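Each chain, written out:
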Amino acid sequence: MPGMLYRGIWKHGVEYERGDCVTRDGSVWHCNADKTTLQPGGQGGNDWQLCAKRGNHGKDGAPGPQGPKGDPGKNATGL
């Protein structure tokens, strides 16, 4: 039965099979080959299909409120 199996982050030297999905550089790739050790998005050519492309980083949020004052430090001695 055809299906997809998420295998985590792509690792060099691991053999992947048709239906395996991996993450590489923040994007998710689906294996189209019967078996492959090639890198998705690189020399993998037709062995891999991009499923979800990594997005851009969002804008920084507004600064939060100032936190409470910390405990006083210990006096330095013996220097």
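Not measured: the values here are computed from a predicted model.

Caption draft 1: Geometry of the overall build of the protein. Summing up its helical and strand segments, the protein has zero helices and six strands in all. Here the protein has a C-alpha radius of gyration of 23 Å; the compact-globule value for 79 residues is 12 Å, and the former is much larger. Based on the C-alpha atoms only, the size of the protein along its principal axes is roughly 70 × 35 × 25 Å. The proportion of buried residues among the 79 residues of the protein is 23%. Excluding contacts between residues fewer than 6 apart, the proportion of contacts in the protein whose partners are at least 24 apart in sequence is 16%. Accessible surface, the protein: about 6600 Å² in total, of which carbon and sulfur atoms supply 51%. Here the protein contributes 10 positive and 8 negative side-chain charges, whose respective centroids are spaced 9 Å apart.

Caption draft 2: View of the sheet that holds strand 6 (residues 48-52). What the four strands build is an open sheet, ordered 1-3-4-6; its pairing is mixed. If you trace the sheet from one side to the other, it starts and ends with strand 1 (5-9) and strand 6, each paired once. Pairwise comparison of adjacent strand axes, ignoring direction, gives a mean angle of 30° for this sheet. Taken together, the three bridges between strand 1 and strand 3 (residues 20-24) define a ladder with parallel strand orientation. Counterpart to Ile-9 in the pairing with strand 3 is Thr-23.

Caption draft 3: Quick look at the nonpolar core. Counting residues in hydrophobic clusters, the biggest one holds seven residues: Trp-10, Tyr-16, Val-22, Trp-29, Cys-31, Ala-33 and Trp-48. Setting aside its immediate chain neighbours within four residues, Trp-29 contacts Asp-20, Cys-21, Val-22, Arg-24, Pro-40, Gly-41, Trp-48, Gln-49, Leu-50 and Cys-51.

Caption draft 4: How the structure looks around the pairing of strand 4 (residues 27-31). Buried residues dominate strand 4, accounting for four of its five residues. Bridge analysis of strand 3 against strand 4 gives four bridges, and the strand direction is antiparallel. The partner of Cys-21 across the bridge, within strand 4, is His-30. The hairpin formed by strand 3 and strand 4 contains two residues between the paired strands, and Asp-25 there has a positive phi angle of roughly 55°. Sheet analysis places strand 4 next to strand 6, joined by four bridges and oriented antiparallel. In the strand pairing of strand 6, His-30 is matched with Gln-49.

Conventions and cut-offs
Residues numbered from 1 in each chain as written. Predicted model: local features only at pLDDT ≥ 70, side-chain atom pairs only at ≥ 80, totals over all residues. Heavy atoms only, no water. Helix = DSSP H or I, 4+ residues; strand = E, 2+ residues; numbered from the N terminus. Rg over C-alpha atoms; globule rule 2.2 N^0.38 Å. Buried < 20%, exposed > 50% of the residue type's maximum accessible area, 1.4 Å probe, protein only. Contact = heavy atoms within 4.5 Å. Areas by Shrake-Rupley, 256 points an atom, 1.4 Å probe, with all protein chains shown as cover. Lys, Arg positive; Asp, Glu negative; His and termini not counted. Charge placed at Lys NZ, Arg CZ, Asp CG, Glu CD. Pairing = 2+ DSSP bridges. Axes fitted to C-alpha atoms, helices over the stretch in contact; angles between N-to-C directions. Core = buried A, V, L, I, M, F, W, Y, C linked by side-chain atoms within 4.5 Å.

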